[in-house]
Amino acid sequence: MSKTTSSSRQSIPAVHRVLDLPAVQVLSLEFGRELTTNAVRKVLADTREAVANGQEEVDEAKIVAGILRFLKSLVTPSLKPVFNLTGTVLHTNLGRAPMPPEAIEAMNIVAAGASNLEYDLATGKRGDRDSHLESWICRLTGAEAATVVNNNAAAVLLVLNSLANRREVPVSRGELVEIGGAFRIPDIMKRAGSKLVEVGTTNRTHLKDFAEAINSKTSMLMKIHTSNYAVEGFTATVPEQDLATLAHQRDVAFVVDLGSGTLVDLTAHGLPPEQTVAETISQGADVVTFSGDKLLGGPQAGIIAGRADLIAKIKKNPIKRALRIDKMTIAALAAIFRLYADKDRLAQRLPSLRLLSRTREDIEATAQRLCDPLANKLPDGFDVAVVDCLSQIGSGALPVDVLPSAALSLTPRTGKRGGGTKLKRLAAALRALPVPVIGHIKDGAYVLDMRCLEQTDEARFANQIELIDLS
Ligand SMILES: *Cc1c(COP(=O)(O)O)cnc(C)c1O
């Protein structure tokens, strides 16, 4: 197969001839025969097309290089780590909470082999997968019982379907929220078989609105954390305690979807206040639901905690089987709960809380250390500066509260024209790095909030600055 410049189809080598090339045999050993044959077919087809369009000469080295490139793209996982410098700590699109080594270790231990996931070692009989978590949840929240499912959306669906199938659920109009990614309370209600009864108005709902909505078909009063927005100004919501009292007087349950759900007092870590799960239960909630990977700082999961009789009913629902969590999630959650048992060291050991409670000074020091290396690498057309910025908690927690932070701001020096294109090209170049860097565009600059770049990761970030390719 020598180099030709012919545009005739005859010059394209046969698949078996390319497979016999020593360089391709080496690839076959590394990537396997099947994938390599696929790659050869694909590259030859592309070459044939290019030749037909008069664009390409047939070159053996180029074909082999193309095969290697295609094979690499096939075997490289599409899901990979990135630097989250967006300023949103619990970023749903970027995988929410980073996990502590304790949780990763726990997943490793159960991943490779058999475990007593649903097997009672004391009796030798069938066990319950919730048993590995339930006592922890009860200890940390004050609940009588608990169960865990795939995520909080699943938790809400399961609670509604178990306790309010073909029954009515009054909810304040101000709480009929849509949470990112198509989770809408009215839609979930419908799918759960529950009838949503809207009470009050968007900005003001009173206890009497709920009282008037209760009838013989009512199964529960529900309160939903308005995670990702805030109603300000002339507003009124009914306190949990009053809703609980009313619900219990009228013999219906009181259910709270807390969304993020924190297990600790966030103000103790310099963060804005957020009602804890334990407080919600002590105020009379019969069932609460919350996420595993939001403020809790663990794996994706939905935790349901509350009254023993209601949890028993929820566990018996066949839908629970379709929403159950796997052994690795259980292992990770148990490890996270163990960290919560030692509150003094929690902020150091739980990455999400450590990032959220980082001081502005500490973050600024990171930005300062990386400013020069970045400025030296970027072409003259960019100004690089350390600037103040505001981070967000994310995942709908505390939507209006922001955390003082520091960022590297990368500004194209082009005056009015061409700045946008340069910014987009810079953002794309940062996304193309081995560990993609994700920031955000603000006021004509590309802003990299350094809150989520811990000192231990600085070298990894700095080492790839050389690879930024703006050509
Ligand atoms: C985030 C959120 C959900 C959905 O939780 P996932 O764990 O993402 O499924 C439901 N309700 C509220 C109030 C939330 O904030």
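Fair warning: this is a prediction, and the values are worked out from it, not measured in the lab.

Asker: Give a detailed account of empty space enclosed by the protein, specifying residues and quantitative values.
Answerer: For the coordinates displayed, the defined rule picks out two cavities of 30 Å³ or more. In this structure, the largest cavity spans a volume of roughly 40 Å³. Lining the largest cavity are T262, V264, L266, L295, Y340, L350, L353 and L356. Counted by class, the lining of the largest cavity contains seven nonpolar, one polar and no charged residues. A volume near 30 Å³ is recorded for the second largest cavity. Forming the walls of the second largest cavity are L374, L430, L433, V437, F461, Q464, I465 and I468. A per-class count over the lining of the second largest cavity returns seven nonpolar, one polar and no charged.

Asker: Give a description of the pattern of salt bridges that names residues and reports values.
Answerer: By the definition in use, this model includes 24 salt bridges. The residue K315 makes a salt bridge to D128 at a minimum N-O spacing of 2.8 Å. With K315 in helix α12 (residues 308–316) and D128 in the loop between β3 (125–126) and α6 (131–141), the pair connects residues that are 187 residues apart, well separated along the chain. The partly exposed category is assigned to D128, whose relative accessible area is 33%. Residue E458 pairs with R369 through a salt bridge whose shortest N-O separation is 2.8 Å. Placement of E458 in helix α19 (residues 455–463) and of R369 in helix α17 (residues 360–377) is noted, with a sequence separation of 89 residues between them. Using a relative accessible area of 9% as the deciding quantity, one classes E458 as buried. Residue R369 is classed as partly exposed on the basis of its relative accessible area, which comes to 38%. Here the residues in one salt-bridge network are D128, D130, E134, K315 and K320, joined through shared partners.

Asker: Hey, could you go over the side chain of S405 for me, with residue numbers and the actual values?
Answerer: With respect to the element layout, S405 can be found in strand β14 (residues 397–412). Look at S405 and you get buried, because its relative accessible area is 1%. Among the polar contacts made by the side chain of S405, one reaches the side chain of S391 at a distance of 3.3 Å. A distance of 2.7 Å separates a polar atom in the side chain of S405 from a polar atom in the side chain of D449. In contact with S405, other than residues within four places in its own chain, are R360, I363, V387, D388, C389, L390, S391, D449 and R451.

Asker: Describe in detail the packing of aromatic side chains, supporting the description with residues and values.
Answerer: All told, the structure shown has one aromatic pair when counted by the stated rule. Seen from their ring centres, F83 and F461 are 5.4 Å apart, and the 75° between their planes marks the pair as edge-to-face. Remark: F461 occurs in helix α19 and F83 occurs in strand β1 (residues 83–84); sequence separation between them is 378 residues. A relative accessible area of 3% places F461 in the buried class. Between the NZ or CZ atom of R139 and the centre of the ring of W136, over which it lies, the distance is 5.0 Å. Positioned over the ring face of F234 is R204, at 3.7 Å from the centre of the ring.

Asker: Quick rundown of the sheet that holds strand β4 (residues 145–149)? Include the residues and the values.
Answerer: Within a beta sheet, neighbouring strands are joined by backbone hydrogen bonds and run either parallel or antiparallel to one another. Read from one edge of the open sheet, five strands run β4-β12-β11-β10-β9, paired in mixed fashion. Unpaired on one side and paired on the other, β4 and β9 (220–224) mark the two borders of the sheet. Averaged over neighbouring strand pairs, the angle between their axes works out to 15° when direction is ignored. Alignment of strand β11 (residues 287–291) against strand β12 (residues 302–306), held across five bridges, turns out to be antiparallel. Residue pairing across strands places V288 opposite A305, the latter belonging to β12. Across the sheet, α6 lies against β4, β11 and β12, angled at about 120° from β4, the strand it touches most. Running over the sheet, helix α7 (residues 152–164) touches β4, β9, β10 (253–259), β11 and β12 and is turned about 160° from β11.

Asker: I'd like a rundown of unusual backbone geometry, residues and numbers included.
Answerer: With a phi close to 60°, R166 is a non-glycine residue in the positive phi region. Take R166: it is sitting in the loop between α7 and β5 (168–172). Even without a glycine there, the phi angle at D443 is positive, about 50°. Along the polypeptide, D443 turns up in the loop between β16 (440–442) and β17 (445–449). With relative accessibility at 72%, the residue D443 sits in the exposed group.

Asker: Help me get a handle on the pairing of β9, residues and values and all.
Answerer: Most of β9 is tucked away: five of the five residues are buried. Judged by which residues are buried, β9 turns out to be covered on both faces: M220, M222 and I224 on one side and L221 and K223 on the other are all buried. Strand direction decides the pairing type here: β9 and β10, joined by five bridges, are parallel. For M222, the partnering residue across the bridge sits in β10 and is V255.

Asker: Residues and numbers for α17, please.
Answerer: The end-to-end C-alpha distance of α17, which contains 18 residues, comes to 26 Å, matching closely the 26 Å that a straight helix rising 1.5 Å per residue would cover. Remark: the principal bend of α17, roughly 35°, maps to C371, with a proline, P373, within the next four residues. Within the sequence span of α17, burial applies to I363, T366, A367, L370, C371 and L374.

Conventions we followed
- Residues numbered from 1 in each chain as written.
- Predicted model: local features only at pLDDT ≥ 70, side-chain atom pairs only at ≥ 80, totals over all residues.
- Heavy atoms only, no water.
- 1 Å grid on protein atoms, 1.4 Å probe; cavity = no way out; pocket = protein on both sides within 12 Å on 5 of 7 lines; lining within 4 Å.
- Points joined across faces, edges and corners; volume = space filled by probe spheres on them.
- Nonpolar A, V, L, I, M, F, W, Y, C, P; charged D, E, K, R; others polar.
- Salt bridge = Lys/Arg side-chain N within 4 Å of Asp/Glu carboxyl O.
- Helix = DSSP H or I, 4+ residues; strand = E, 2+ residues; numbered from the N terminus.
- Buried < 20%, exposed > 50% of the residue type's maximum accessible area, 1.4 Å probe, protein only.
- Polar contact = N/O pair within 3.5 Å; in protein donor to acceptor, adjacent residues only side chain to side chain.
- Contact = heavy atoms within 4.5 Å.
- Phe/Tyr/Trp six-rings, centres within 6.5 Å; stacked < 30°, edge-to-face > 60°.
- Lys NZ or Arg CZ within 6 Å of the ring centre and 35° of its normal.
- Pairing = 2+ DSSP bridges.
- Axes fitted to C-alpha atoms, helices over the stretch in contact; angles between N-to-C directions.
- Expected span 1.5 Å × (residues − 1).
- Bend = angle between axes of the 7 residues up to and from the residue.

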